[in-house]
Every structure is written in structure tokens, then in C-alpha cells.
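Below are the chains, spelled out letter by letter.
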Amino acid sequence: HLPTTITILGKEYPTDDYTNIPDSILSRLAPSPTLPYTSNHPLALLRDQIEASIGPNYTPIQATSPVVSTELNFDDLGIAADHPGRSPTDTYYVNRDTCLRTHTSAHEVQTFRNKHERWLLTADVYRRDEIDASHYPIFHQVEGAAIFAHEDYAPGGKVERECIEMERKLAGANFEIEDVVGLSEAGGYQSHHDPREAALAVRHLKATLNGLALDLFGERHAFDAAQKGGGSEPLRVRWIPAFFPFTSPSYEVEVWFRGKWLEILGSGVVQQKTLDKAGVPDRLGWAFGLGLERIAMVLYSIPDIRLFWTKDPRFLGQFASAPTNQVSAAGGKAPSTKASKPKLLTFKPYSKYPPCYKDVSFWLPQERKFHENDLFEIVRDRVGDLVEDVVKIDDFVHPKTKKQSLCYRINYRSMDRSLENEEVNQLHSDVLNRLVDQLAIEIR
Ligand code: PHE
């Protein structure tokens, strides 16, 4: 029943008993990742923040096609043939030798081979997984790495100087690092590494990623604490032992955020086998990988991972920097949040139920001043939370009478049910009556 070939992004591949990519995934494959490069998209804001934090020494790289060999995705990284992640229950296979990358680490070998020594690569990654608010078969990762020549590890050399510089910045921050991982729990140094050099690589890794955690979460954490009147609780970060076949020692980093430990990344000292494969056996260094969606969901309070895929302007508009003249039912003018820094953006949930637009067009009275906030207040007072927004759509002055006419569009929409026509008609007619009574306007 299965066709003998499958065409992906213009290339034909033979199929076999491993082939398991459904059309729903095939139709969404692109030659390069899109969401983290879409302007005003929260994943792009977060990628920008990460690139800014890690700094200009690290080359930003946009990955290409998600179709990779199983050699790059698994074998070159020491992921054994019987590793559960390789099973077709967990991975999308084009065929036995080719899959959709399951992590950005699939590009470590190529990127090192291309002589990049410090880099940050962003890609869409694919995993067969459970369905819930925080899992989606397509998500995005950023992989970062830094490798150095042995001479850079000399006492007082480049690596040590950079560590001291980064640690100095961290020492001045309101920041608490829990770092009690035993070396053996984390997998130990690789036997062929000079332990002094490996220790310095770990120190460089920790200083870099502690700085990243502070840049991503520090301001948000301080702002939340201040809102609660909690003063200056430090941002807490902890390092816990981990296991990855392609790093040793290996660590996961967690941040204490809004009452929970949040795992933000996996990291470690790159296995020498990987660097040998990449043709840079004389280098030693570290790598990390993080998932963009989970971090963006917490940082920006995005409740459902599917929202990243919506084209709804009610979602994307909230991550745009340009203010609009809408008034939101949630209270307050929208522009104040939009003008704030991306880091402190908080998503305001909107309704899944259909909108119902009703316009009100009217002549202003000539004898008294009109302020649109009075109109908004009347609408809110009568309609309450069943109004989503009110937008001015027309404004003109009659050339003869000099009378001014305005038109506002009211969007009636509930957060939790579909509104009946009759109910909206009643609300709208009450609003019109109140506007006439209280603002002395003349409905057109
Ligand atoms: N690739 C790992 C994952 O997806 C993360 C990782 C990257 C760990 C680099 C160590 C080094 O979970």
C-alpha cells in the first residue's frame, strides 16, 4: 500500500518499513525554519534575546531542511541503535537511513566541520509525542557550542580570562546558583581529556549559561516579585546531573520560576568522538540545546503550544512593537503593554468563540465636547466582558454642515460561549440608547 518513493522538499527518497511521516507533517516541512524568523513572533523574540545574551562571538546560524541522515542525528552523536529515542514510535522516518531531525544536535558535526567554533543554530525539530497543551510534533530548538584550541586553556589564557569576566558580571546580580553536582554523577571527565582543561570548559559553560538564565528570566522574575510586594528575592538557578551520549560531563539547568523548577536546557562537554568525526580532533569545548516553545510559554504566559502556529492577529499583534488604537475588554489601553520591552510581554488570552461585529455611526453634537473614553465606558458598563474590543473605523466632517461623524465597530464576543444573535442585538440596542441619552449624539 505504501508508495515506493516519497518526495520531500523536491527530493525523492525510497521508502521502507520505517517510513512513517504522515501528510499532516509532510505538508508543513520547509527548506528552513520559519516561526523563529517571523517578525513579531514570540519565538523570534526569544531567539533574538538568546543571541543577544550569548553575544557577538557566537555565529547565529539558521538551519536548513529538517531531513537529515540517521548518522548525523544519532550515530555521530553516540546514540546507540537500540536507544529508545531512535524507535519509529518516537521518531519520524523518511526511511531507515533518513529521518526528520529530532534535535538540533544533529547539526553539531556539520557545523564544527564548517570550522565554526562558536555558534548558535536554530531549527525546527520533530518528535512523535503525546498530545497536550505543551507538546506538539513540531517544535524549535537552539543549539549553542564553543570549542577552543588547547593553548586557549593555558593558565591565564583566553578561556580563563573569559570565565573571570563573565563571573564578575554574575557576581553583581541578584542571583543564586545551586551547583552541587558531583562530577561522577554528571558522567565524569572524558578519560582522554586533561582534567584541568575539562574543568575549565565546564566553568566556561556554566558562566555562559548562568548569564543566559539571568538574561532570560532575571528581569521578569524581579518584576513579578515586585508586583507581589516580595522585594528582591534572588533568581535561583540550579545545575543537576544529566546523561547525554554526546556529552560528558552532562548537566541540565533549571530555573526557579513562579513556584516551580523549570528545566530550560541540556548541556555538557562535547564528546571527543563528535569532534573527531567533524575533523577538529584538536579542539575541546561544550554544547547546549534548549527548546524555544516551553521557555516562551512560561516567559510570555502563552497557555497553549498551538498558539505559536496561529496567524490570528490577536496573537501576533500582542508581540508587535507598534501600538494600535484598540481598547481591550481586559481593561486598559493596549498600547501600554505593547510598548514595553519584549522580555516583559505577557500574553492576554482571547476567545476561541466567534466574534460578532456591530457598527455604530453617529453625528457628534456641536455644543459639547466628545471623548471616546466616555463611549468606551458606556459600552463596558452595559456589555461587560462580552465586548472584546471597540475600534474607530470612520471619522469625517460634513463639508456643508461642518458636523463631525464617527463610526465605531464593537466586537461582541464571549470568552466561554457562542453568543446568540438575539442577545447581541439586545445588548447593541441598549448601547445605542445609552449613547444617545448620555452623549447627546445623533445615530445616523
Ligand atoms: N540534544 C539534547 C536534547 O534535545 C540537548 C543537548 C544539546 C544536550 C547539546 C547536550 C548538549 O535534549
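Residues numbered from 1 in each chain as written. Predicted model: local features only at pLDDT ≥ 70, side-chain atom pairs only at ≥ 80, totals over all residues.

**Quick look at the site of the ligand**
Worth spelling out the cut-off: Each residue receives a C-beta atom built from its backbone; the residue is near a molecule or strand if that atom lies within 6 Å of it. The secondary structure listing takes helices from DSSP runs of H or I that are at least 4 residues long and strands from runs of E that are at least 2 residues long, numbered from the N terminus. Residues are grouped as follows: Ala, Val, Leu, Ile, Met, Phe, Trp, Tyr, Cys and Pro are nonpolar; Asp, Glu, Lys and Arg are charged; every other residue, Gly included, is polar.
Lining the immediate surroundings of the ligand are His103, Ser105, Glu143, Phe244, Thr247, Gly266, Ser267, Gly268, Ala287, Phe288 and Gly289. Breaking the shell around the ligand down by element, the ones donating at least two residues are β12 (260-270) and β13 (283-291). Partitioning the shell around the ligand into residue classes produces three nonpolar, seven polar and one charged.

**Concerning the pairing of strand β16 (residues 387-397)**
The line we're drawing: Pairs of strands are assigned from DSSP output, requiring at least two bridges between the strands.
Examined bridge by bridge, β16 and strand β17 (residues 404-412) share nine bridges and lie antiparallel to one another. Bridging across to β17, Val391 finds its partner in Arg409. In this structure, the hairpin formed by β16 and β17 is closed by a connection of six residues, where Lys402 is found at a positive phi of approximately 65°.

**Section: the confidence of the model for the protein**
Interpreting fine coordinate detail is not advised for predicted regions of low pLDDT. For clarity, the cut-off: Each residue carries a pLDDT score, the predictor's confidence in it, ranging from 0 to 100. This entry defines residue contacts through backbone-placed C-beta atoms, with two residues in contact when those atoms are within 7 Å.
Looking at the protein, the pLDDT average stands at 92 and 95% of residues meet or exceed 70. Counting interchain partners and residues more than four positions distant, the pLDDT-below-50 stretch residues 322-340 has 25 contacts. Predicted complex, confidence summary: ipTM 0.99, pTM 0.83.

**Overview of the sheet that holds strand β8 (residues 138-149)**
Where strands meet in a sheet, backbone hydrogen bonds hold them as pairs that are either parallel or antiparallel. Defined as follows: Every axis corresponds to a line fitted to the C-alpha atoms, with the helix fit spanning only the stretch in contact, and the corresponding angles, defined between N-to-C directions, vary from 0 to 180 degrees.
Read from one edge of the open sheet, eight strands run β3-β7-β8-β13-β12-β11-β10-β9, paired in mixed fashion. If you trace the sheet from one side to the other, it starts and ends with β3 (59-62) and β9 (175-178), each paired once. Neighbour-to-neighbour, the strand axes of the sheet open up by a mean angle of 20°, direction not taken into account. For β8 and β13, the ladder comprises nine bridges, and the chain directions are antiparallel. In the sheet register, Ala146 faces β13, and the bridge partner there is Trp286.

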